[in-house]
Amino acid sequence: MPAHDEVDRIVDAWVRERPDLDFAPLQVLSRVGRLAKHLDRARRAAFTASDLESWEFDVLSALRRAGKPYELSPKALLQQTLVSSGTMTNRIDRLVERTLVERRTDPNDGRGILVTMTPQGRTRVDAAISRLLESEGELLDALSPADQERLAGLLRKLSLDFD
């Protein structure tokens, strides 16, 4: 590990200028923020290579994780993607136009709708998740598997209050 990174330089400068403040939160969260930017770039590249937008990946991956027959109600998709119903309707419409999903009547509720992933949607999301895992693995190369597990546990502990 390098002796100092950019966050160390930033914190050192703040400590020099404002020694009355505790900059410990910046030691963690500034690094998380900087890493998030690298992760965002890696994700955009993985999705672009699969001809998907990030929101398309979110919807298609929710359907893929549902298992065969890769379908969910719009309400279930809302819960998994944390968007408004109007936004979800628009997203489903756009995915239908791209032939990545289809709408069909719920056989258990004639008034209900199910969103079903097409074979083309499955091919795209499978390619995107493979590329994404490869890219994210490269971001973590500096950490041993044990360090990755330890970091995942700490981040899980931190994020429990937000989920």
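So, how was this worked out
Per chain, residues are indexed from 1 in the order of the written sequence. Under the rules for a predicted model, residues below a pLDDT of 70 receive no local features and side-chain atom pairs below 80 are neither given nor counted, while totals for whole chains, interfaces and linings still include all residues. Hydrogen atoms and water are omitted, and side-chain values are computed over all heavy atoms in the structure. Nonpolar side chains (Val, Leu, Ile, Met, Phe, Trp, Tyr) are joined into patches within 5 Å and like charges within 9 Å, using only residues with over 30% relative accessible area and no salt bridge. Note on areas: Shrake-Rupley with a 1.4 Å probe; residue coverage comes only from the protein chains shown. Salt bridges are defined by distance alone: a side-chain nitrogen of Lys or Arg within 4 Å of a carboxyl oxygen of Asp or Glu. By definition, any uninterrupted DSSP run of H or I lasting at least four residues is a helix, any uninterrupted run of E lasting at least two residues is a strand, and each is numbered from the N terminus. Exposure is judged per residue with a 1.4 Å probe applied to protein chains only, and the accessible area is read against the type maximum: over 50% gives exposed, under 20% gives buried, and values in between give partly exposed. DSSP calls a pair of strands paired once it identifies at least 2 bridges connecting them. Aromatic pairs are defined between Phe, Tyr and Trp rings, using the six-membered ring for Trp, whenever the two ring centres lie within 6.5 Å; interplanar angles under 30 degrees are classed as stacked, those over 60 as edge-to-face, and all others as tilted. The span expected for a helix works out to 1.5 Å for each residue beyond the first. Here, two residues are considered to be in contact whenever any of their heavy atoms come within 4.5 Å of each other. UniProt positions are given in the numbering used here, feature names are shortened, and annotations may be inferred rather than shown by experiment.

1. Comments concerning a nonpolar patch on the surface
No. 1: The grouping of Val28, Leu29, Val32, Leu139, Leu140, Leu143, Leu151, Leu155, Leu158 and Phe162 at the surface amounts to a nonpolar patch, some 870 Å² of accessible area in total.
No. 2: Of all the secondary-structure elements, those providing two or more residues to the nonpolar patch are helix 2 (24-49) and helix 7 (145-159).
No. 3: With respect to the element layout, Val32 can be found in helix 2.
No. 4: Taking the relative accessible area as the measure of exposure, Val32 reaches 37% and is therefore partly exposed.

2. Side note on the pairing of strand 2 (residues 101-106)
No. 1: One ladder, built from six bridges, connects strand 2 with strand 3 (residues 109-117); its direction is antiparallel. Pairing of Asp106 across the sheet is with Asp109, part of strand 3.

3. Observations regarding the pairing of strand 3
No. 1: By the bridge criterion, two bridges tie strand 1 (residues 71-72) to strand 3 in an arrangement that is antiparallel. Paired with Leu72 across the strands is Val115, a residue of strand 3.
No. 2: Turn length for the strand 2-strand 3 hairpin, with the two strands adjacent in sequence and antiparallel, is two residues.

4. Section: the pattern of salt bridges
No. 1: Summed over the entire model, instances satisfying the criterion amount to 16 salt bridges.
No. 2: The salt bridge involving Asp8 is made with Arg31; its shortest N-O contact spans 2.8 Å. Note that Asp8 is positioned in helix 1 (residues 6-17) and Arg31 in helix 2, a separation of 23 residues in sequence.
No. 3: The buried category is assigned to Asp8, whose relative accessible area is 15%.
No. 4: A salt bridge links Arg150 to Asp147, with the nearest nitrogen and oxygen atoms 2.2 Å apart. Separated by three residues within a single helix, Arg150 and Asp147 lie in helix 7, roughly one turn from each other.
No. 5: Because the salt bridges share partners, they merge into one network encompassing Asp51, Glu56, Arg98 and Arg124.

5. As for the packing of aromatic side chains
No. 1: If you walk through the whole model with that rule in mind, you get two aromatic pairs.
No. 2: Where Phe47 meets Phe57, the ring centres are 4.4 Å apart and the plane angle is 25 degrees; that geometry is what we call stacked. One end of the pair, Phe47, is in helix 2; the other, Phe57, is in helix 3 (residues 54-65), and 10 residues separate them in sequence. Note on accessibility: Phe47 and Phe57 belong to one class, buried.

6. Digging into helix 2
No. 1: Between its terminal C-alpha atoms helix 2 stretches 38 Å, which fits the 38 Å expected from 26 residues at 1.5 Å a residue.
No. 2: Packed against the buried residues of helix 2 are helix 3 and helix 6 (119-139).
No. 3: Looking one or two residues beyond helix 2, the residue adopting positive phi is Asp51, at roughly 55 degrees.

7. Points about the UniProt feature "domain: HTH marR-type" (unreviewed entry) in the chain
No. 1: UniProt tags residues 25-160 as "domain: HTH marR-type" (unreviewed entry).
No. 2: With 69% helix and 12% strand, residues 25-160 has its two end C-alpha atoms placed 18 Å apart.

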